[in-house]
Amino acid sequence: MNVTIWSYLGFADLSRYFVRLLDSLGYHTRVRTLGDTSQAGFNKFYSYLVDSRHRAQMGAFFAPWFPSPANATSALRCEAFVPNSGSNTNASEFCSREVERRIKHALSLQTTDPAKAGAAWAAVDRQIVDQAPVIGLLVPQGVELVSKRVGNYQRNPVWGVILSQLWVV
């Protein structure tokens, strides 16, 4: 099978890694690069990748998210898929009514029963992982440097950092 990996110049090395990986699995893979390393270059690449008219098979990108299950799953919601548009936020075009139902259930529990909400979000996560509409490759936590003179420092992972995830669709 032939596979085209869409990339922008800033992700060219990562894209070449996937070419080697997929070639080793028997696929015939090539990289097509759109856009330079500027923000405008990334926007050109991303708009192409997410537009369903282009039928992109694969592309890698960083997506900044607030670290919450609702935010991490927002790009996989049925409502996030906008066909034939460079403004689509559901690059994988994933839409599962069962996942939607589970997300709504988890959201309804967040304020009333956080423990049950955690279990409900875990069930959503398992279902999404089993269907594999995207591959989350990394979630960097960030690096914080402080002087020896700083006392009583505590890192707050919820408020202190916005996570970036690398997704392959």
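Quick note: structure is the one above.
Note that the structure is predicted; figures quoted are calculated from it, not measured. (Residues numbered from 1 in each chain as written. Predicted model: local features only at pLDDT ≥ 70, side-chain atom pairs only at ≥ 80, totals over all residues. Heavy atoms only, no water.)

Attention shifts here to the state of the cysteines. Summed over all chains, the structure comprises one disulfide. Between the sulfur atoms of Cys78 and its disulfide mate Cys95 the distance is 2.0 Å. Taking the torsion about the sulfur-sulfur bond, which here is approximately 100°, the covalent link between Cys78 and Cys95 counts as right-handed. In this pair, Cys78 sits in the loop between α3 (69-73) and α4 (97-109) while Cys95 sits in the loop between α3 and α4, placing the two residues 17 residues apart along the sequence. Cys95 gets classed as partly exposed once you look at its relative accessible area, which sits at 40%. (Disulfide = S-S within 2.5 Å. Helix = DSSP H or I, 4+ residues; strand = E, 2+ residues; numbered from the N terminus. Buried < 20%, exposed > 50% of the residue type's maximum accessible area, 1.4 Å probe, protein only.)

The next subject is the environment of Leu137. Assignment of secondary structure puts Leu137 in strand β4 (residues 135-138). Taking the relative accessible area as the measure of exposure, Leu137 reaches 37% and is therefore partly exposed. Along the sequence, Leu137 and Phe62 sit 75 residues apart, while their C-alpha atoms lie 9.8 Å from each other.

A few words now on the pattern of salt bridges. Tallying each qualifying case throughout the model produces six salt bridges. For Arg102, the salt bridge goes to Glu98, with nearest N and O atoms at 2.9 Å. Residue Arg102 and its partner Glu98 are located together in helix α4, separated by four residues, close to a single helical turn. The class for Arg102 is partly exposed, based on a relative accessible area of 28%. The exposure class assigned to Glu98 is partly exposed, which follows from its relative accessible area of 30%. Linking Lys116 and Asp113 is a salt bridge whose minimum nitrogen-to-oxygen distance equals 3.9 Å. Each member of the salt-bridge network shares a partner with another, and the members are Glu98, Arg101 and Arg102. (Salt bridge = Lys/Arg side-chain N within 4 Å of Asp/Glu carboxyl O.)

Attention now moves to the pairing of strand β1 (residues 2-7). Burial of β1 is extensive: five of the six residues sit out of reach of the surface. Sheet topology note: the β1/strand β2 (residues 28-33) ladder contains six bridges and is parallel. Bridging from a neighbouring strand, Ser7 pairs with Thr33 of β2. As a crossover connection, the stretch from β1 through helix α1 (residues 12-24) into β2 is right-handed. (Pairing = 2+ DSSP bridges. Right-handed = clockwise from strand over helix to strand, strands pointing away.)

The next thing to look at is the packing of aromatic side chains. Following the criterion strictly, the structure yields seven aromatic pairs and no others. Summarising the aromatic geometry, the rings of Trp6 and Tyr48 are spaced 4.5 Å apart at their centres and angled 45° between planes, so their arrangement reads as tilted. Of this pair, Trp6 sits in strand β1 while Tyr48 sits in helix α2 (residues 39-50); the two residues are 42 residues apart in sequence, bridging distant segments of the chain. Note on Trp6: relative accessible area 10%, which makes it buried. For Tyr48, a relative accessible area of 22% gives the class partly exposed. Here a set of aromatic residues connected by ring pairs shows up, and it is made of Tyr8, Phe11, Phe42, Phe45 and Tyr46. (Phe/Tyr/Trp six-rings, centres within 6.5 Å; stacked < 30°, edge-to-face > 60°.)

Here Thr73 lies in helix α3. Those residues within four positions of Thr73 in sequence are excluded, and the remaining contacts are Ile103, Trp121, Val124 and Ile128. (Contact = heavy atoms within 4.5 Å.)

Even without glycine at this site, Asn84 takes up a positive phi of about 55°. For Asn84, a relative accessible area of 44% puts it in the partly exposed group. The backbone of Glu93 shows a phi angle near 60°, a positive value even though the residue is not glycine. Position of Glu93 relative to the elements: it lies in the loop between α3 and α4. Of the residues examined, Glu93 reaches a relative accessible area of 37% and is grouped as partly exposed.

Spatial relationships are all this shows, so hold off on functional conclusions.
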